[in-house]
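# Descriptive analysis of the structure
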Amino acid sequence: MTTYINAKVYGCTETIDEFETAKEAGEMIKEYRMADPSYYYWMSQRSTKEWRNAGMEKADNAKYDDAMNYKHDESVQYTNWGFKG
């Protein structure tokens with residue numbers, strides 16, 4: 001079962017990571033607590049709605065890219081307005 005690490009600061013809750021096992025999550029939560037003790041961290045079997053929605057967006061984007069046979073051209077420099085030849 002997937003285990004999530006959630007964090008809360010200033011009243012805002014967010015999911016910051018996910019793991020296949022609780023053991024992995026438990027090891028990583030110690031690292032998060034050392035790195036930034038200003039957050040309150042806990043393990044959960046549920047992620048936040050934002051985390052779930054972001055996952056759906058990634059899945060939808062991947063399906064779209066596959067459908068369009070999208071291949072990123074490394075030789076083209078992309079900008080906010082399009083691309084530079």
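Starting from 1, residues in each chain are numbered consecutively following that chain's sequence as written. It should be noted that, the model being predicted, local features are given only for residues of pLDDT at least 70 and side-chain atom pairs only at 80 or more, the latter also being counted only at that level, while totals for whole chains, interfaces and linings use all residues. For side-chain calculations, the full set of non-hydrogen atoms in the structure is used, while hydrogens and water are omitted.

## Quick word on the overall build of the protein
Secondary structure elements are taken from DSSP: a helix is a run of H or I of four residues or more, a strand is a run of E of two residues or more, and numbering for both begins at the N terminus. When its secondary structure is counted, the protein shows 2 helices and 5 strands. Secondary structure elements of the protein, listed N to C terminal, follow the sequence β-β-α-β-α-β-β. Accessibility here uses a 1.4 Å probe with only protein chains present; expressed as a share of the type maximum, an area under 20% marks a residue as buried, one over 50% as exposed, and anything in between as partly exposed. Residue burial in the protein is summarised as follows: out of 85 residues, 20% are buried. The contact rule is simple, with two residues in contact once any of their heavy atoms fall within 4.5 Å. Once local pairs closer than 6 in sequence are excluded, the contacts in the protein between residues at least 24 apart make up 47%. Accessible surface for the protein amounts to roughly 7100 Å². Of this, 53% is attributable to carbon and sulfur atoms. The accessible surface values rely on the Shrake-Rupley method and a 1.4 Å probe; as for residues, cover is taken only from the protein chains in view.

## Observations regarding the nonpolar core
Generally speaking, a soluble globular protein has its nonpolar side chains buried in company with each other. Of all hydrophobic cores here, the largest spans 7 residues; its members are Ile5, Ala7, Phe19, Ala25, Ile29, Tyr32 and Tyr41. The set of elements that each furnish at least two residues to this core consists of strand E1 (3–9) and helix H1 (22–35). We call a set of buried residues a nonpolar core when its members are Ala, Val, Leu, Ile, Met, Phe, Trp, Tyr or Cys and they connect through side-chain atoms within 4.5 Å of each other.

## Section: the sheet that holds E1
In this scheme, strands are said to pair when DSSP sees at least two bridges between them. Across the sheet, 3 strands lie side by side as E2-E1-E3; this open sheet has antiparallel pairing. The open sheet has two free edges, formed respectively by strand E2 (12–19) and strand E3 (40–44), since each of these has just one partner strand. With direction set aside, neighbouring strand axes in the sheet form an average angle of 25°. As paired elements, E1 and E3 share 5 bridges and run antiparallel to each other. Residue pairing across strands places asparagine 6 opposite tryptophan 42, the latter belonging to E3. Contacting E1, E2 and E3, H1 runs over the sheet at an angle of about 175° to E3. Note on geometry: axes are lines fitted to C-alpha atoms, helical ones only across the stretch in contact, with angles between N-to-C directions running from 0 to 180 degrees.

## Some words on the packing of aromatic side chains
Pairing of aromatic rings covers Phe, Tyr and Trp, the last through its six-membered ring, and needs centres within 6.5 Å; plane angles under 30 degrees mean stacked, over 60 mean edge-to-face, and all others mean tilted. Counted under the stated rule, the structure contains 3 aromatic pairs. Relative to tyrosine 41, the ring of tyrosine 39 lies with its centre 5.8 Å away and its plane at 25°, an arrangement referred to as stacked. Classification of tyrosine 39 as partly exposed rests on a relative accessible area of 25%. Taking the relative accessible area as the measure of exposure, tyrosine 41 reaches 5% and is therefore buried. Linked through ring pairs, Tyr32, Tyr39 and Tyr41 together constitute an aromatic cluster.

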